[in-house]
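Structural overview for review
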Amino acid sequence: MSRRHLGIFTAAVLAAASLTACGGSGDDSAASPKTLTYWASNQGASLEADKTILQPELDKFEKQTGIKVTVEVVPWSDLLNRLLAAAASGKGPDVVNIGNTWSASLQATGALVEFDDAALQAVGGKDRIVPAALAAAGAPGKPPAAVPLYSMAYSLYYNKKSFADAGITAPPTTWEQLAEYGKKLSTGGKWGLAIEGANPSENAHHAFTFSQQYGGEWFDSAGKPTFDTPQNVSAIKRYIDFMAADKITNPSNAEYAQNQSVSDFANGKAAMLLWQSAGSNLKTQNMPADAYGVAPVPFLASPPAGGKKVNSMVAGINMAVFKHTKNKDGALSFVKFMTSDEEQTILNKTYGSLPAVKTAASDPAFSATEQKTIQETLVTTAAPLPQVPDESTFETLVGTAMKELFADAASGKPVTEESVKAKLTDAQQKMR
Amino acid sequence: MATSTTAPDADRREPRAGSPARGPARRPRGPRRSLLPYLLLAPAVVLELAIHVIPMVVGVWMSLLELTQFHIRDWSTAPFIGLENYRATLDLNSAAGKELLHSFWITLAYSLLSVGFAWLLGISAAVVLQRPFRGRAILRALFLTPYALPVYAAVITWSFLLQRDTGLVNHVLVDQLGLMNERPFWLIGDNSFWSLLVVSVWRNWPFAFLCLMAGLQNVPGELYEAAAIDGAGFWRRLRSVTLPMLRPVNLVLLLVLFLWTFNDFNTPFVLFGGSAPEQADLISIHIYRSSFKTWDFGSGSAMSVALLLFLLIVSAAYLLITNRRRDDHA
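Residues numbered from 1 in each chain as written. Chains lettered and ligands numbered in written order. Predicted model: local features only at pLDDT ≥ 70, side-chain atom pairs only at ≥ 80, totals over all residues.

1. Notes on the overall build of chain A
- Tallying secondary structure elements over chain A gives 18 helices and twelve strands in all.
- Over its C-alpha trace chain A gives a radius of gyration of 23 Å, about what one expects of a compact globule, namely 22 Å for 432 residues.
- By principal-axis analysis of the C-alpha atoms, chain A measures approximately 75 × 65 × 40 Å.
- By the burial criterion, 55% of the 432 residues in chain A qualify as buried.
- A sequence separation of at least 24 residues applies to 76% of the contacts in chain A between residues at least 6 apart. (Helix = DSSP H or I, 4+ residues; strand = E, 2+ residues; numbered from the N terminus. Rg over C-alpha atoms; globule rule 2.2 N^0.38 Å. Buried ≥ 20, exposed ≤ 12 C-beta atoms within 10 Å, placed from the backbone. Contact = placed C-beta atoms within 7 Å.)

So this is what it looks like as structure tokens:
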């Protein structure tokens, strides 16, 4: 190889090397015992709104303990990546909010403090916590990897005026009714049901509920994926068919991933919405609370053998502490503060969610229709998503497969048992 | 980065500018050679190691591990599985392998078309703006705007424009002009590829324009005069004077543009929000999804290394071929 060729080769290496780039995260874990770094998830209308809501509470904590908490509100689209980077690097915040469905996945990294009996005692005791919420805080048989902070569940939101105009007197209790009502409501540029079709997480949450109702499971008892069983195929097809077959969902919803479905519901473009704690979001979009009704998510009219009476996942936000924290005692006392009766009442009232501790649940702030419906669902018909390490991968793969199926439905391609099964088989093959 | 290839080309092409500079630039021979050159080089070498070489080596190492969430916190616990990641991701009979291949073809088509159109627009604009006329400076500035805008802001704007129900594109095409009865989707389905291509060309052509405009400044006016005297028309002048004189610029420009578009992550990521539709599933997004979204950094790294090798071969072949041709010409 001549010198010039060597030069060319080097130049090629350098040019091609421009693709190796990867983000990292800064070392912002608090070194002093008097400070903490906290990543909050986006619960309110905007990141800024969340900061305004949280800051007075953090000031209160500083007054009580002398520990200053620096908060950063992280958008949902970034949160899992940021947590992963923090887990991988051993650097980052001390205390974080996590989506409760990620509990087992993040627990598997070994980066989170496990809440054994002693740690639970340090944050106020196990008995205070709502059992369903605690069940969604880590893998079964292991100490929880997080403590429940806000509890939520899916409900059916419906536009009272649209229902009255169409002569419908009560919200649907079965999917068959929902489809039938939806057809009546889908006229004049308006649609029956709004769906967040391009958001993999939302899709996956519905995949779980529908699968339960059809008697399916996404993982077997050994934690192996069972994506393409006939039950799961029927479940996914039922959900996609609201757009593909019943045509009660605007095809545009196939590209919705930024909560446009909530906006469509708030603006009256769609008459029904399946969402968790939508109330506070609807309020910021100027939809008054008396304009919509809240009802439990429907069931199948005649469930197949093995079908379960589940109409929501146990949704919620958990609080976790990173093992790399240099201020574990401070972090635990912050978790205790955030899960205290007073803070639970203040924060959940603002966000329209439910307290994760029993002692705060009796507050009159949580007796509105929406909160009562959520409460009832959580107690009677909600089930936690599978608490297995691969859960977040399930959300991504199955949620994305559904996104592609919605895209097919929107562009007029047929959605059949075969096409659904093919997508689910593909998704399953990508697990290992 | 890739601009390092310009130096030899520029030297060789411009003897007038090159020869006076070459004498004094030659290093002093013999024992007077000091440490200074090495000191001057050191920061560049350190940065090159830190930014390119070490991450690359780490990436190759990662591709040999089963690096999932169970081991991400302490890499030393990740089992060494040799070429298993490569076997799994490059197995064209498996779902993952098929998708990677699909993604590869999409990316190749996307890069070739994007570079082609960007170059075509760039050369057209550069030639049109070569002669001074009133308003030329304004047009130049205007043409460079897409390149000057922050990529995220620009692409988010595009994603708003391309929304089916609320986007400006459909508003103009369907509501104003009535060209279509149905509102087409631009961000999902078959159209998503073309949307991505348009945004990419829109972002990249000003760079081609900038380089080619600079290149045209170096074409001596006498050549055009001589060509005009010989009776050459516009196209003939373009073919026989402009393009040959721009050859060294084009050589580098096309390679750089190709590598940039092939690796482009920002445009599809912002336009489609993390999970691109199959029809526009570029390889960078595909790798991101395979490693970050499914927490499997080993197979993500294996794909990256395979991609690196491919680009290495393409770049080396390109440079070898273009250099050989130039030698033939000389």
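Anyway, onward from the coordinates.
2. Thoughts on the packing of helix α5 (residues 95-128) of chain B against helix α9 (residues 191-217) of chain B
All names here are of chain B.
- Following both chains from N to C, one finds α5 and α9 inclined at 45 degrees, their axes separated by 7 Å at the closest point. By the angle between their axes, α5 is oblique relative to α9. The way α5 lies across α9 gives a crossing that is right-handed. Residues Tyr110, Leu113, Ser114, Phe117, Ala118, Trp119, Leu121, Gly122, Ile123, Ala125 and Ala126 of α5 pack against Leu196, Leu197, Ser200, Val201, Asn204, Trp205, Ala208, Phe209, Leu212, Met213 and Leu216 of α9.
- When grouped by side-chain class, the residues that make up the contact of α5 with α9 number 18 nonpolar, four polar and no charged. (Axes fitted to C-alpha atoms, helices over the stretch in contact; angles between N-to-C directions. Parallel < 35°, antiparallel > 145°, perpendicular 65-115°, else oblique. Left-handed = near helix turned anticlockwise from the far one by under 90°. Nonpolar A, V, L, I, M, F, W, Y, C, P; charged D, E, K, R; others polar.)

3. A short note on the sheet that holds strand β4 (residues 147-152) of chain A
Residue and element names in this part refer to chain A.
- Ordered in space as β2-β1-β3-β10-β4-β11, the six strands form an open sheet in which the pairing is mixed. Because the sheet does not close on itself, it has two edges, and the strands there are β2 (68-74) and β11 (354-355).
- Relative to strand β10 (residues 315-321), strand β3 (residues 95-99) is paired through five bridges, and the arrangement is antiparallel. Residue pairing for β10: Ile98 is matched across the bridge by Asn318. (Pairing = 2+ DSSP bridges.)

4. Focus on the pairing of β10(A)
- Among the seven residues of β10(A), seven are classified as buried, and the element is accordingly described as predominantly covered.
- Every second residue of β10(A) is oriented toward a common face, with A:Ala315, A:Ile317, A:Met319 and A:Val321 on one face and A:Gly316, A:Asn318 and A:Ala320 on the other, all of them buried.

5. Brief notes about helix α2 (residues 47-65) of chain A
All names here are of chain A.
- Over its 19 residues, α2 runs 26 Å from end to end, which matches the ideal 27 Å to within 8%, given 1.5 Å per residue.
- Taken together, the buried positions of α2 are occupied by Asp50, Leu54, Leu58 and Phe61.
- Once α2 ends, the next one or two residues include Gly66, with phi positive near 80 degrees. (Expected span 1.5 Å × (residues − 1).)

6. A closer look at unusual backbone geometry
All names here are of chain A.
- Within the chain, Asn259 stands out as a residue other than glycine whose phi angle is a positive 60 degrees.
- Phi angles above zero are rare outside glycine, and Asn286 is one such case at about 65 degrees.
- With respect to the helices and strands, the residue Asn286 is situated in the loop between α12 (279-284) and β8 (292-295).
- The exposure class of Asn286 is exposed, given the 9 C-beta atoms found within 10 Å.

7. Considerations on the interface of chain B and chain A
- Taken residue by residue, the interface counts 44 residues in chain B and 42 residues in chain A.
- Every element with two or more residues in the side of chain B that touches chain A is listed here: α3 (36-62), α5, α11 (234-262), α13 (283-293) and α14 (297-329) of chain B.
- Counting residues per element, the side of chain B that touches chain A draws most heavily on α14(B), at ten residues.
- Residues belonging to the side of chain B that touches chain A are distributed by class as follows: 23 nonpolar, 16 polar and five charged.

8. Some remarks on the packing of helix α10 (residues 230-244) of chain A against helix α18 (residues 417-429) of chain A
Residues and elements named next belong to chain A.
- Two elements in contact, α10 and α18, have axes whose closest approach is 9 Å; the angle formed by their N-to-C orientations is 110 degrees. The angle between the axes of α10 and α18 places the two elements in the roughly perpendicular class. Considering the relative orientation of α10 and α18, their crossing is right-handed. From α10, Asn232, Val233, Ile236 and Lys237 reach across to α18, where they touch Glu417, Val420, Lys421 and Leu424.

9. Some words on the domain arrangement of chain A
Residue and element names in this part refer to chain A.
- Each assigned domain of chain A is listed here: domain 1 (35-152 + 315-383) and domain 2 (154-313 + 390-429).
- Between the C-alpha centres of domain 1 and domain 2 there is a distance of 27 Å.
- Elements supplying a minimum of two residues to the side of domain 1 that touches domain 2: α4 (103-108), α16 (369-380) and β12 (382-383).
- Among the elements that line the side of domain 1 that touches domain 2, the one with the most residues is α16, at five residues. (Domains from an automatic or database assignment.)

10. A few points about the pairing of β4(A)
All names here are of chain A.
- Extensive coverage of β4 is indicated by the burial of six of its six residues.
- Bridge analysis of β4 against β10 gives five bridges, and the strand direction is antiparallel. Counted as the bridge partner of Ser151 is Gly316 from β10.
- Two strands pair when backbone bridges link them, and β4 and β11 are joined in this way by two bridges, in the antiparallel orientation. Of the residues in β11, the one forming a bridge with Tyr150 is Pro355.

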